[in-house]
Amino acid sequence: MPYKLLFVCLGNICRSPSAENIMNHLVHQGGLENQILCDSAGTSSYHIGSAPDRRMAKAAGDRGITLEGKARQFTAEDFEAFDLILAMDRDNYGQILSLDPQRQYQDKVKLMCDFCRHHSLREVPDPYYGGPEGFNQVIDLLLDACAGLLETIQQEQLELPS
Ligand code: 4NP
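Read on for an overview of the structure. Not measured: the values here are computed from a predicted model. Position labels on residues start from 1 in each chain and follow its written sequence. Selection of residues for local features in this predicted model requires a pLDDT of at least 70, selection of side-chain atom pairs for listing and counting requires 80 or more, and totals for whole chains, interfaces and linings are taken over all residues. Here the side-chain values reflect all heavy atoms present in the structure, with hydrogen atoms and water set aside.

1. Quick look at helix H2 (residues 54-62)
So, step 1. Regarding H2, the residues found buried are Met56, Ala59 and Ala60. The buried residues of H2 all sit within an arc of 95 degrees when viewed along its axis, so they share a single face. In this structure, H2 carries Arg54, Lys58 and Asp62 as exposed residues pointing more than 90 degrees from its buried face.
So, step 2. Think of a polar contact as two N or O atoms within 3.5 Å of one another; within protein, one of them needs to be a possible hydrogen donor and the other a possible acceptor, and neighboring residues in sequence only count if both atoms come from side chains. Under the DSSP-based scheme used, a helix requires at least four consecutive residues in state H or I and a strand at least two consecutive residues in state E, with every element numbered from the N terminus. Between the side-chain oxygen at the start of H2 and the backbone nitrogen of Arg55 there is a gap of 2.8 Å, and the oxygen is on Asp53. The rule is simple: take the accessible area with a 1.4 Å probe, protein chains only, and divide by the maximum for that residue type; under 20% is buried, over 50% is exposed, in between is partly exposed. For this quantity, the arc is that covered by the directions from the helix axis to the C-beta atoms.

2. With respect to the nonpolar core
Generally speaking, nonpolar side chains in soluble globular proteins are found buried as a group.
So, step 1. Membership of the largest hydrophobic core comes to 38 residues, with the highest contact counts inside it found for Leu5, Phe7, Met23, Met112 and Leu149.
So, step 2. Put simply, the parts of the chain that give this core at least two residues each are strand E1 (3-9), helix H1 (15-29), strand E2 (36-42), H2, strand E3 (84-87) and helix H5 (132-158).
So, step 3. Among the elements that take part in this core, H5 stands out by supplying 10 residues, more than any other.
So, step 4. Once you skip the residues sitting within four places of it in the chain, Met23 turns out to touch Leu5, Phe7, Cys38, Cys146, Leu149, Leu150 and Ile153.
So, step 5. Throughout, nonpolar core names a set of buried Ala, Val, Leu, Ile, Met, Phe, Trp, Tyr and Cys residues whose side chains join them through atoms within 4.5 Å. Within the second largest apolar cluster, 13 residues are counted, among which are Val8, Phe82, Ile96 and Val109. Contacts are assigned to residue pairs with any non-hydrogen atoms lying within 4.5 Å of each other.

3. A closer look at the sheet that holds E1
So, step 1. Should DSSP find at least two bridges between two strands, the strands are regarded as paired. The 4 strands are arranged E2-E1-E3-E4 in an open sheet whose pairing can be described as parallel. The open sheet has two edge strands with one neighbour each: E2 and strand E4 (109-111). Each strand axis lies, on average, 25 degrees off the axis of its neighbour in the sheet, ignoring direction.
So, step 2. Relative to E4, E3 runs parallel, the two being bridged by 3 bridges. What sits directly across from Ile85, in E4, is Val109.
So, step 3. Angles here are taken between N-to-C directions and fall from 0 to 180 degrees, while the axes themselves are lines fitted to C-alpha atoms, restricted in helices to the stretch in contact. Packed onto the sheet, helix H4 (residues 90-97) meets E1, E3 and E4 and runs at close to 170 degrees relative to E4.

Printed below as a string of structure tokens:
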């Protein structure tokens, strides 16, 4: 069974599709396509069905990452469907756990920046109302966090006997 990751932000058009596509890029580079699957979702319904934001796609494209996918909303079924759920900021984290009042799945939900090795920011800032530098910062943070996340998964999951 592949290990399943879900990246979550507010709109699912900027940060979480970037995280999903950056992680897919690293997974592909490592030849791990059969072992790690990635998806993304938003806590809001604002942009359901939309392609990634053009400004975000430009910043990702400048770093060699193509953003694919269409926005969908996070649902309570995602708790069972995924092994690890990565929130981009604390607000996303709180919104995700508000769908798990019994806190059954709390251990599956983590903040993305907890996997950063080089950056000290604790959240991936929402770039939506800012300028291009905010979108570039999202990519920088996510490249760091995705590399750290992959390393952690390889150490904790993939080396376990099946
Ligand atoms: P995301 O960015 O959560 O990284 O996809 C946003 C997208 C849309 C909005 C806010 C943040 N919005 O308010 O519509």
